[in-house]
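# What the coordinates show
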Amino acid sequence: MQYNESEFLIETEVPNDEVITSRTDLEGNITYANETFCEISGYTLDELLGKPHNIVRHPDMPKSVYKELWETIKNGNQWTGVIKNLRKDKGFYWVRAIVSGVYKDGKLVEYKSLRSPIEYHEKLEHQRLYDTIRNKNGEKVRKIIYE
């Protein structure tokens, strides 16, 4: 299946009454995804299970955000932040993510992520922030041109 670049501009709204839930093994491979995650991301459960969670990483996201996330959760703390994710069809969706470890008998066994919708002004604020961070870090920055 092929996509044209304009499809990167199609946003899927996360419903206000939904929570996207997933779990990963310690390497970040998906071990569980709820129905909402499948529906919003455009993937089937079979397409998600066993895949790295970064299958939904949007190219607008600065690498430093994920570096901070991994450092935080590997140190046993909960990370909260705003994420722009990439759908299977190359569209996108914005969420507030809470990521933390899951422990059994005091031992870290997996990670869990709960994601919920955010308001329009937060999306705009974070898109601008992430564009600034990517530019500062020498990462590619999106550019939209209409001819």
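We now turn to the structure provided with this report.

### Brief notes about the packing of aromatic side chains
Two aromatic rings, taken as a pair, are described by how far apart their centres are and by the angle between their planes. Under the criterion given, the structure shown has two aromatic pairs. Measuring from ring centre to ring centre gives 5.4 Å for Trp-70 and Tyr-111, while their planes differ by 90°; the resulting arrangement is edge-to-face. One end of the pair, Trp-70, is in helix H3 (residues 63-74); the other, Tyr-111, is in strand E5 (residues 107-116), with 41 residues separating them in the sequence. Judged by its relative accessible area of 27%, Trp-70 is partly exposed. Residue Tyr-111 is classed as buried on the basis of its relative accessible area of 5%. Its end group placed over the ring of Tyr-66, Arg-57 keeps NZ or CZ at 3.8 Å from the ring centre. When the ring centre of Phe-92 is taken as origin, the NZ or CZ atom of Lys-84, which lies over that ring, is 4.4 Å away.

About the cut-offs
- Residues numbered from 1 in each chain as written.
- Predicted model: local features only at pLDDT ≥ 70, side-chain atom pairs only at ≥ 80, totals over all residues.
- Heavy atoms only, no water.
- Phe/Tyr/Trp six-rings, centres within 6.5 Å; stacked < 30°, edge-to-face > 60°.
- Helix = DSSP H or I, 4+ residues; strand = E, 2+ residues; numbered from the N terminus.
- Buried < 20%, exposed > 50% of the residue type's maximum accessible area, 1.4 Å probe, protein only.
- Lys NZ or Arg CZ within 6 Å of the ring centre and 35° of its normal.

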